[in-house]
Amino acid sequence: MVAGYLLENIRQGQPLQLAGFLDDNPSLMGRHFLGTPVLGTISDWRAVEHDAAIVAIGENRVRARIFDDLARRGERFVNAVHPAAVLGPEVTLGCGVAVGAGVVVSLGAVVGDNVILSTNCTVGHHVQVGSHAHIGPGAVLAGRAAVGEGTLVGAGAAVNPGCHVGRWCVIGAGAVVTESIPDGVLAVGVPAQVVRQVELKAEV
Ligand SMILES: CC(C)(COP(=O)(O)OP(=O)(O)OC[C@H]1O[C@@H](n2cnc3c(N)ncnc32)[C@H](O)[C@@H]1OP(=O)(O)O)[C@@H](O)C(=O)NCCC(=O)NCCS
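A few points on the structure. Please read these numbers as outputs of a predicted model, since none were measured by experiment.

## Section: the site of the ligand
- Taken together, His134, Pro137, Gly154, Ala155, Val170, Gly172, Ala173, Leu186, Val188 and Arg196 make up the full set of residues near the ligand.
- Taking Ala155, its main chain carries an N or O atom lying 2.7 Å from an oxygen atom of the ligand.
- Within the backbone of Ala173, an N or O atom sits 2.9 Å from an oxygen atom of the ligand.
- Burial of the ligand by the surrounding chains reaches 35%, relative to a free accessible area of 900 Å².
- For the shell around the ligand, the per-class residue count stands at six nonpolar, three polar and one charged.

As structure tokens, this is what we get:
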């Protein structure tokens, strides 16, 4: 998906080149995806000539661990913003951010590092999205809402204006968050109710 966003930018004339994928699954070595080769495992990253990387893994904890590890070793990160996404004025995007087709990020929103904004989601005005979060397809974060580090907002879920969702939470698909949600919980339904704890991110 993320490679697809970059390829779409290249097709539109941006001076980018995809060097290849790194993947720790040995059965993928030498295979090609979207015409781009798997060049090795993540530990080979220094050996591959490149300017910047992006961690294209959906699971937030795994993506965060790999991103933090590479960042500590000095890696630089590129953003993959699909050309059919709309970024409003005074938007701040971190690094290593993937933004899908049809995404709208509105005035003054602040999006952290290593975030995935999936297809057709809406990040309203002055919303804050913490690093390593994943906003699912079609989800809506209304104005001045906030989503904490590492949180997954499921497909089609909505966070009402000004509501805060904590760190490392999961908001179920289709939920509507009408009140702020504490750190490290799963909440589902309309209105969203906390149903259980989820493990907070282990220190890396
Ligand atoms: C909420 C969620 C995390 C639960 O996953 P899970 O822990 O594996 O739970 P299960 O699928 O085993 O379902 C457990 C129960 O919750 C219910 N449930 C599952 N998802 C639900 C949702 N989104 N809203 C309300 N109830 C839900 C199930 O029907 C089941 O109910 P039951 O116990 O009465 O039969 C998951 O269903 C979900 O919504 N994930 C979001 C994924 C997503 O949108 N990702 C976006 C990136 S592609």
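## Considering the nonpolar core
- The biggest cluster of nonpolar side chains holds 32 residues, and the ones touching the most others in it are Leu117, Val129, Ile135, Leu141 and Ile171.
- The contact partners of Ile135, leaving out residues within four places of it in the chain, are Ile116, Leu117, Ser118, Cys121, Val129, Leu141, Val147 and Val153.

## Some thoughts on the sheet that holds strand S17 (residues 158–159)
- Across the sheet, which stays open at both edges, the six strands sit in the order S5-S8-S11-S14-S17-S20 with parallel pairing between neighbours. The open sheet terminates on both sides in strands that have one partner only, identified here as strand S5 (86–87) and strand S20 (176–177).
- One ladder, built from two bridges, connects S5 with strand S8 (residues 104–105); its direction is parallel. Across the sheet, residue Val86 finds its bridge partner in S8, namely Val104.

Calculation criteria
- Residues numbered from 1 in each chain as written.
- Predicted model: local features only at pLDDT ≥ 70, side-chain atom pairs only at ≥ 80, totals over all residues.
- Heavy atoms only, no water.
- Near = heavy atom within 4 Å.
- Polar contact = N/O pair within 3.5 Å; in protein donor to acceptor, adjacent residues only side chain to side chain.
- Areas by Shrake-Rupley, 256 points an atom, 1.4 Å probe, with all protein chains shown as cover.
- Nonpolar A, V, L, I, M, F, W, Y, C, P; charged D, E, K, R; others polar.
- Core = buried A, V, L, I, M, F, W, Y, C linked by side-chain atoms within 4.5 Å.
- Buried < 20%, exposed > 50% of the residue type's maximum accessible area, 1.4 Å probe, protein only.
- Contact = heavy atoms within 4.5 Å.
- Pairing = 2+ DSSP bridges.
- Helix = DSSP H or I, 4+ residues; strand = E, 2+ residues; numbered from the N terminus.

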